[in-house]
Amino acid sequence: MTKKEPFFWITVSCGIIIMAFILLPLIEMMTAPSFAMLKETIKDKDVVRSIWLSIYTAGLAALISFVFGTPLAYVLARTDFRGKKLVESIIDLPIVIPHPVVGIALLSVAGKNHWIGELLSQLGIRIMGSVTGIVVVLTFVGMPFYINAVKSGFESISPRLEKVSRSLGASMFSTFFRITFPLAWRSMLVGIVMCSARAISEFGAVVIVAYHPMIAPVLIYERFEAYGLKYSQPVAVWLVFICLTLFLILRILTLHDKEKA
Amino acid sequence: MIRIRDLNINLKEFNLFNINLDIGTNEFFILMGPTGAGKTVLLEAIAGLIPVKSGSIYIGEKNVTALAPEKRGVSIVYQDYSLFPHLTVRENIRYGLHFHKINKDRSDETFDRLVEDLNLSYILNRFPLNLSGGELQRAAMARALMVEPEILLLDEPLSALDPGFREEIRAGLKKLHRDSNVTFLMVTHDFAEALSLSDRAAMMNNGKIIQTGTMEDIFKRPDSTFVADFVGMKNLFAAQFRETKALTGNLEIELGAKPVDGHGYIAIRPEDIVLSRRELTSSMRNSFEGNITEISDYGLYYEAGILVRDITFKSLITKSALLDLQLAEGTSIFVSFKSTAIHTF
């Protein structure tokens, strides 16, 4: 056996430290609450309601990203135009802006002092303290993750496949639905998972736009503030557990289909 | 039939300038040129897959310049074959039928014939992922021909295949063309391939067509140094013409007939240059004494460089000739060639 160089041991130790750094707190938190306590927590209507709200607002954000983001991702993957870099940077903006700032920014458009806010309130749409507001915030923060994932998915499909399809008589629409979509849907699913995972974890922006109705992260924060660590942990465990299960199911569904093809 | 008039294309990386081309119905036409010459761009322009800046493209009598690709009746086979990875070979071949109103009996008949001709029956239910290059190539050909196109564009269809395989596929391609009334337009940068498949070709370089003509014209009578070089005319010298003679360096070469222009180039294929130990005398021959400066091994043959005064001739020789003549660097030898082997331009 050859002697490993010091460099090798440095990489290994750094790796171990990082693994521990990520896993230790999570494992500690997940194992802290007793089984009885977990059982009691899930019977709490507020907890169930907040987790459910979190999941379906995040799901809605992903759906909106899917509908509006897919065509944009396609254009960005396929064409080259002036200002493309600018558009791409704008898409990435929500990732780099501090979360509370996102909330404040959205409110400054949706508030009474802005004509859009005025228009919305005349239409009976309320952003402040509403489910609509939560969905708007989550879409804002989640969209970039969807678009980036799907864009690279489209980029990995050779444009020649589309060209061949056109030359065989298919219109652009038929080509998209028969060739591009079937080849890209897995990356869309990845995009949806990324987007909703990001959305579900949002706290800072939501808490500014809508403290109530309460999404799970806000509830966890409130329990922590009012009752302490011990009471916020079980909610956190349930949120993590349910999210992981959902993502795992999605993952299995996609893997299953991959084997067929 | 394809007719291209003053076609200009202006894309970021690719440009075509003033392309004029006429290809007859059911012709097998070859487009040649080095990588980056714009051959694929021209194919894609004919198929309608890239925007045209100016000029026009006719297919048959119809001006198709502004027509969408799906309405042109032009099929394309790419170098990488571009089979749809999520469809089986059968679904790939029949893909175009979704968009064409072809009577079912007739399409089934075409399908069976193509599957038979291209020997595809054993892979119909397989996905492209695990097929060999030759299988992919045949499937792509079948898919392209299934929709009964007027024109079939082939972008270096043989370059990704094993050399041993090419021969066979080339023969198949020739038969496929003979049995159909489709116009074939094929891109290649392999001159031997071009010679064996077609009788007319165009040569491209830097986005322009620089020579169009029969294979024989291009092979034996290139009209530019670029084409001469491309087709392997390794003996290419600038010359001045006087009566029936060409002056290049200190050499006076007998051409046998008076060239049209005053000055230009002479070109001689290396296989037309004969080496001998004694001077070959004949009225039609040019014979000069020189010294071998280098011998390069090309596997199946050797190439010798012979310095005659200030001109270096290149000659192709077989291994046995090399041994018979006992050639080595520094050997003094006679270089001879017929005046009919000299091309002037």
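These numbers come from a predicted model, not from an experiment.

Asks: Would you take a moment to explain the overall build of chain A for this structure?
Replies: On a plain count of helices and strands, chain A comes out with 12 helices and zero strands. Put simply, chain A runs from its N terminus to its C terminus through helices and strands in the order α-α-α-α-α-α-α-α-α-α-α-α. In chain A, which comprises 261 residues, the proportion classed as buried is 37%. Intrachain contacts of chain A at a sequence separation of at least 6 include 76% that bridge at least 24 residues. Total accessible area on chain A stands at roughly 15200 Å², and carbon and sulfur atoms take up 72% of it. Here chain A holds 24 positive side-chain charges and 16 negative ones, and the gap between their average locations is 7 Å.

Asks: Where do I start with helix α4 (residues 84-96) of chain A in this structure?
Replies: Side chains that are three or four residues apart share a direction in an α-helix, a result of its 3.6 residues per turn. All names here are of chain A. For α4, which comprises 13 residues, the first-to-last C-alpha distance of 19 Å matches the rise-based estimate of 18 Å (1.5 Å per residue) to within 8%. Its maximal kink placed at Ile90, α4 deviates by approximately 25°, while the proline Pro94 follows within four residues. Buried residues belonging to α4 abut α3 (45-78) and α7 (131-155).

Asks: What is the right way to look at the packing of aromatic side chains in this model?
Replies: The description of an aromatic ring pair uses the distance of the two centres, along with the angle that the planes make with each other. Taken as a whole and judged by the stated rule, the model has 20 aromatic pairs over all chains. With a centroid separation of 5.0 Å and an interplanar angle of 55°, the aromatic rings of Phe203(A) and Tyr221(A) are classed as tilted. Of the two residues, Phe203(A) sits in the loop between α9 (172-200) and α10 (204-209) while Tyr221(A) sits in helix α11 (residues 216-227), which places them 18 residues apart along the sequence. Using a relative accessible area of 26% as the deciding quantity, one classes Phe203(A) as partly exposed. A relative accessible area of 35% means that Tyr221(A) is categorised as partly exposed. Ring plane angle 75° and centroid distance 5.3 Å describe the contact between Phe237(B) and Phe313(B), whose orientation is recorded as edge-to-face.

Asks: Even after reading the chapter, I still don't get the nonpolar core, so can you show me in this structure?
Replies: Core analysis: the biggest nonpolar cluster contains 56 residues, and Phe154(A), Ile4(B), Leu7(B), Leu31(B), Leu42(B), Leu153(B) and Leu185(B) have the highest contact counts within it. Sorting elements by how many residues they give to this core places helix α1 (residues 39-47) of chain B first, with six residues. Excluding residues that lie within four positions of it along the chain, Leu31(B) makes contacts with Lys39(B), Leu42(B), Leu43(B), Leu185(B), Met186(B), Val187(B), Thr188(B), Ala202(B) and Met204(B). Formed by 49 residues, the second largest nonpolar core is a distinct cluster that contains Leu124(B), Ala140(B), Leu161(B) and Ala267(B).

Asks: Could you clarify how one ought to interpret a nonpolar patch on the surface in this entry?
Replies: All names here are of chain A. Together, Ile18, Met19, Phe21, Ile22, Leu23, Leu26 and Ile27 make up a nonpolar patch on the protein surface, roughly 710 Å² of accessible area in all. Considering the arrangement of structural elements, one finds Leu23 in helix α1 (residues 6-31). Leu23 gets classed as partly exposed once you look at its relative accessible area, which sits at 42%.

Asks: Sorry if this is basic, but what is going on with the side chain of Arg198(A) here?
Replies: Residue and element names in this part refer to chain A. Within the secondary structure, Arg198 sits in helix α9. Owing to a relative accessible area of 13%, Arg198 belongs among the buried residues under this scheme. Only 2.8 Å separates the side chain of Arg198 from the side chain of Glu202, close enough to count as a polar contact. Beyond its immediate sequence surroundings of up to four residues, Arg198 is in contact with His99, Val141, Gly142 and Phe145.

Asks: What exactly am I supposed to notice about the sheet that holds strand β15 (residues 274-276) of chain B here?
Replies: Residues and elements named next belong to chain B. The sheet built from five strands is open, its strands ordered β15-β19-β16-β17-β18 with antiparallel pairing. Here the strands that pair on one side only, and so sit at the sheet edges, are β15 and β18 (311-317). Each adjacent strand pair in this sheet contributes to an overall mean axis angle of 45°, direction not counted. Pairing geometry for strand β17 (residues 302-308) and β18, over seven bridges, is antiparallel. Along β18, the bridge assignment pairs Val308 with Ile311.

Asks: Just checking my understanding: could you explain the pairing of strand β4 (residues 54-59) of chain B for this structure?
Replies: Sheet faces and side chains relate simply in a regular strand, where the side chains alternate between the two faces. Residues and elements named next belong to chain B. Inspection of the sheet shows strand β1 (residues 2-10) paired to β4 by five bridges, in the antiparallel sense. Within β4, the position partnered with Asn8 by the bridge is Ser54. The sheet contact formed by β4 and strand β5 (residues 62-63) spans two bridges and is antiparallel. Within β5, the position partnered with Tyr58 by the bridge is Asn63. As consecutive antiparallel partners, β4 and β5 are separated by two residues, and within that stretch Gly60 has a phi angle of approximately 65°, a positive value.

Asks: Please explain the packing of α4(A) against α7(A) as it appears in this structure.
Replies: Describing two packed helices takes the angle between their axes plus the distance from one axis to the other. All names here are of chain A. It is the contact of α4 with α7, at a shortest axis distance of 7 Å, that shows an interaxial angle of 135°. Taken together, α4 and α7 sit at an angle that is classed as oblique. Considering how the two elements wind past one another, α4 and α7 form a crossing that is left-handed. From α4, Glu88, Ile91, Asp92, Pro94 and Ile95 reach across to α7, where they touch Phe140, Val141, Pro144, Phe145, Ile147, Asn148 and Lys151. Along the lines of polarity and charge, the residues of the contact of α4 with α7 split into eight nonpolar, one polar and three charged.

Asks: Sorry, what's going on with the domain arrangement of chain B here?
Replies: One frequent convention defines the size of an interface as the accessible area lost when the parts assemble. Residues and elements named next belong to chain B. Partitioning chain B into structural domains gives domain 1 (2-226) and domain 2 (235-344). Taking the mean C-alpha position of each, domain 1 and domain 2 sit 39 Å from one another. Listed by partner, the interface residues are five residues for domain 1 and four residues for domain 2. Roughly 440 Å² of surface becomes buried between domain 1 and domain 2 when both sides are summed, with 66% attributable to carbon and sulfur atoms. When the area that domain 1 buries against domain 2 is broken down by residue, the three leading residues are Phe219, Pro222 and Thr225, summing to 78%. Put simply, domain 1 and domain 2 have zero salt bridges between them. Summed over the shared surface of domain 1 and domain 2, the result is two residue pairs in polar contact (both at pLDDT 80 or more). When the residues that make up the side of domain 1 that touches domain 2 are grouped by side-chain class, the tally is two nonpolar, one polar and two charged.

Cut-offs and rules
- Residues numbered from 1 in each chain as written.
- Chains lettered and ligands numbered in written order.
- Predicted model: local features only at pLDDT ≥ 70, side-chain atom pairs only at ≥ 80, totals over all residues.
- Heavy atoms only, no water.
- Helix = DSSP H or I, 4+ residues; strand = E, 2+ residues; numbered from the N terminus.
- Buried < 20%, exposed > 50% of the residue type's maximum accessible area, 1.4 Å probe, protein only.
- Contact = heavy atoms within 4.5 Å.
- Areas by Shrake-Rupley, 256 points an atom, 1.4 Å probe, with all protein chains shown as cover.
- Lys, Arg positive; Asp, Glu negative; His and termini not counted.
- Charge placed at Lys NZ, Arg CZ, Asp CG, Glu CD.
- Expected span 1.5 Å × (residues − 1).
- Bend = angle between axes of the 7 residues up to and from the residue.
- Phe/Tyr/Trp six-rings, centres within 6.5 Å; stacked < 30°, edge-to-face > 60°.
- Core = buried A, V, L, I, M, F, W, Y, C linked by side-chain atoms within 4.5 Å.
- Patch = residues over 30% accessible without salt bridge, like charges linked within 9 Å, V, L, I, M, F, W, Y side chains within 5 Å.
- Salt bridge = Lys/Arg side-chain N within 4 Å of Asp/Glu carboxyl O.
- Polar contact = N/O pair within 3.5 Å; in protein donor to acceptor, adjacent residues only side chain to side chain.
- Pairing = 2+ DSSP bridges.
- Axes fitted to C-alpha atoms, helices over the stretch in contact; angles between N-to-C directions.
- Parallel < 35°, antiparallel > 145°, perpendicular 65-115°, else oblique.
- Left-handed = near helix turned anticlockwise from the far one by under 90°.
- Nonpolar A, V, L, I, M, F, W, Y, C, P; charged D, E, K, R; others polar.
- Domains from an automatic or database assignment.
- Buried area = accessible area lost by both parts, 1.4 Å probe.

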